[in-house]
Amino acid sequence: LSELIMTVFMVLLMVAMAYMIKAAATGQIRRNAWIGIRTAALTHCDKCWLLGHHAAANKSTIGCWLAAVIMAAGGLLSTLVTLPGFVHPAALMAGLAVMLVGLFLGVRDGHRAAAKIHAGQRIVSS
């Protein structure tokens, strides 16, 4: 039962992250100190914030959705079929790794896009 609860929590967390990424990319979440990519290039101005999150959204969202699928599959398999004890934790860790790779690739794309707006200028966060 605890494995099922953990899986549901992690899948819901991945879905919430995908929603926040989409909301920041579409301008529903404005530049703030709590949610979003917190690099100097993306927090420089509202235009950088929106463009950077828009550029980062695709890979980051894919990473979150793939992580949710991997975690759900691992949790469902370990609940329905008798498997070794390491399968469920391994699925959670693999899901987290996929999510982090997607986020880091998205942050890289977002940072590159935002840096092009003010090319040649020194960007210092306020």
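One structure accompanies this document, and this report is about it. Since the model is a prediction, treat every value here as computed from it, not as a measurement. (Residues numbered from 1 in each chain as written. Predicted model: local features only at pLDDT ≥ 70, side-chain atom pairs only at ≥ 80, totals over all residues. Heavy atoms only, no water.)

Looking now at the packing of helix 1 (residues 2–25) against helix 3 (residues 87–117). One way to put it is that helix 1 packs onto helix 3 with a least axis distance of 11 Å and a crossing angle of 10°. In terms of axis orientation, helix 1 runs roughly parallel to helix 3. Where helix 1 approaches helix 3, its residues Glu3, Met6, Thr7, Met10, Met14, Met17 and Ile21 are matched on the opposing element by His88, Leu92, Leu96, Met99 and Leu103. Among the residues forming the contact of helix 1 with helix 3, the class breakdown is 9 nonpolar, 2 polar and 1 charged. (Axes fitted to C-alpha atoms, helices over the stretch in contact; angles between N-to-C directions. Helix = DSSP H or I, 4+ residues; strand = E, 2+ residues; numbered from the N terminus. Parallel < 35°, antiparallel > 145°, perpendicular 65-115°, else oblique. Contact = heavy atoms within 4.5 Å. Nonpolar A, V, L, I, M, F, W, Y, C, P; charged D, E, K, R; others polar.)

Turning our attention to the pattern of salt bridges. The tally for this structure, following the rule as stated, stands at 3 salt bridges. Between arginine 31 and aspartate 46 there is a salt bridge, and its shortest N-O distance comes to 3.0 Å. Taken as a pair, arginine 31 in the loop between helix 1 and helix 2 (46–80) and aspartate 46 in helix 2 lie far apart in primary sequence, 15 residues in all. For lysine 59, the salt bridge goes to aspartate 109, with nearest N and O atoms at 2.9 Å. In this pair, lysine 59 sits in helix 2 while aspartate 109 sits in helix 3, placing the two residues 50 residues apart along the sequence. (Salt bridge = Lys/Arg side-chain N within 4 Å of Asp/Glu carboxyl O.)

For helix 1, with 24 residues, the first-to-last C-alpha span of 35 Å sits near the 34 Å given by 1.5 Å per residue. Among the residues of helix 1, those classed as buried are Thr7, Met10, Val11, Met14, Met17, Ala18, Ile21, Ala23, Ala24 and Ala25. Buried residues along helix 1 sit against helix 2 and helix 3. A positive backbone phi angle near 90° is found at glycine 27, which sits one or two residues after helix 1. (Expected span 1.5 Å × (residues − 1). Buried < 20%, exposed > 50% of the residue type's maximum accessible area, 1.4 Å probe, protein only.)

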